[in-house]
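Here is what each chain is made of, one letter per residue.
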Amino acid sequence: MADGLKQPNNIGKRRVFTAIDGRKVHRTIQDEIIRPQRTSRYGKLIYLQKMWYEKAGRSEYRFTYYMRGHKEGARGRWVFGQFSVLIPPADLKWLLREARRRRWPGF
């Protein structure tokens, strides 16, 4: 972004989470597309991520986001958004076009 705050890069990072049935699930972020949301007043980065699930041997895609921190302890850095994101139509169109350009399966 123009303000010099470096965008988080998650490519190649392996994450572990506990599934609803208690199993540990391992996934790796294979690729991601980042777009600053143009309608955000305070700074929001929209991510479309390609995830690889190790045990299942499959890919899935995730829309997620980072917001510029404003609260004490988070001020001055990008904070991961833990909820679903609502994306303006123009930003969604751009992300999907970029995924097709990169020849991601399913797009």
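Here we summarise the structure given alongside this text. Being a predicted model, the structure only gives us computed values, none of them experimental.

## Structural notes on the sheet that holds strand E1 (residues 14-18)
Logical step 1: Taken together, five strands build an open sheet; the order of strands is E1-E2-E3-E4-E5 and the sheet is antiparallel. Unpaired on one side and paired on the other, E1 and strand E5 (78-81) mark the two borders of the sheet. Neighbour-to-neighbour, the strand axes of the sheet open up by a mean angle of 40°, direction not taken into account.
Logical step 2: As paired strands, strand E4 (residues 58-68) and E5 are joined by four bridges and run antiparallel to one another. Paired with Tyr 65 across the strands is Gly 81, a residue of E5.
Logical step 3: Running at roughly 115° to strand E2 (residues 24-36), helix H1 (residues 89-101) makes contact with E2, strand E3 (44-53) and E4 of the sheet.

## What to know about the side chain of Gln 37
Logical step 1: Relative to the helices and strands, Gln 37 resides in the loop between E2 and E3.
Logical step 2: For Gln 37, the side chain forms a polar contact with the side chain of Thr 39, separated by 3.0 Å.

## Side note on the nonpolar core
In globular proteins that are soluble, nonpolar side chains generally tend to be buried together.
Logical step 1: Core analysis: the biggest nonpolar cluster contains seven residues, these being Ile 33, Ile 46, Leu 48, Ile 87, Leu 95, Ala 99 and Trp 104.
Logical step 2: Mapped by element, the contributors of at least two residues to this core are E3 and H1.
Logical step 3: When residues no more than four places from it in sequence are discounted, the contact partners of Leu 48 are Asp 31, Glu 32, Ile 33, Tyr 61, Arg 62, Phe 63, Leu 95, Ala 99, Trp 104 and Phe 107.
Logical step 4: One finds Ala 19, Val 25, Met 51 and Tyr 53 within the second-largest nonpolar core, a separate group that totals five residues.

## Things to note about H1
Logical step 1: Helix length check: H1, at 13 residues, gives a terminal C-alpha distance of 18 Å against a target of 18 Å (1.5 Å per residue), a fit within 8%.
Logical step 2: Those residues of H1 hidden inside the fold are in contact with E2, E3 and E4.
Logical step 3: Positioned one or two residues after H1, Arg 103 has a phi angle of 60°, which is positive.

## Here's the deal with the pairing of E3
Logical step 1: In terms of burial, E3 is largely enclosed, as nine of its 10 residues are buried.
Logical step 2: Alignment of E3 against E4, held across 10 bridges, turns out to be antiparallel. The partner of Lys 50 across the bridge, within E4, is Tyr 61.
Logical step 3: Hairpin remark: E3 followed by E4, antiparallel, with four residues in the connecting loop; positive phi at Gly 57, about 65°.

## Details of the environment of Ser 40
Logical step 1: Among the secondary structure elements, Ser 40 is positioned in the loop between E2 and E3.
Logical step 2: The sequence separation of Ser 40 and Met 67 amounts to 27 residues, and the corresponding C-alpha distance is 9.4 Å.
Logical step 3: At 3.5 Å, the side chain of Ser 40 and the backbone nitrogen of Tyr 42 are in polar contact.
Logical step 4: In terms of polar contacts, Ser 40 uses its side chain to reach the backbone amide nitrogen of Gly 43, at 3.2 Å.

## Structural notes on the pairing of E1
Logical step 1: The pairing of E1 with E2 spans five bridges and is antiparallel. Looking at the pairing, Arg 14 lines up with Thr 28 of E2.
Logical step 2: With antiparallel pairing between neighbouring strands as the criterion, E1 and E2 make up a hairpin whose turn holds five residues, including Gly 22 at a positive phi of roughly 95°.

About the cut-offs
Residues numbered from 1 in each chain as written. Predicted model: local features only at pLDDT ≥ 70, side-chain atom pairs only at ≥ 80, totals over all residues. Heavy atoms only, no water. Pairing = 2+ DSSP bridges. Helix = DSSP H or I, 4+ residues; strand = E, 2+ residues; numbered from the N terminus. Axes fitted to C-alpha atoms, helices over the stretch in contact; angles between N-to-C directions. Contact = heavy atoms within 4.5 Å. Polar contact = N/O pair within 3.5 Å; in protein donor to acceptor, adjacent residues only side chain to side chain. Core = buried A, V, L, I, M, F, W, Y, C linked by side-chain atoms within 4.5 Å. Buried < 20%, exposed > 50% of the residue type's maximum accessible area, 1.4 Å probe, protein only. Expected span 1.5 Å × (residues − 1).

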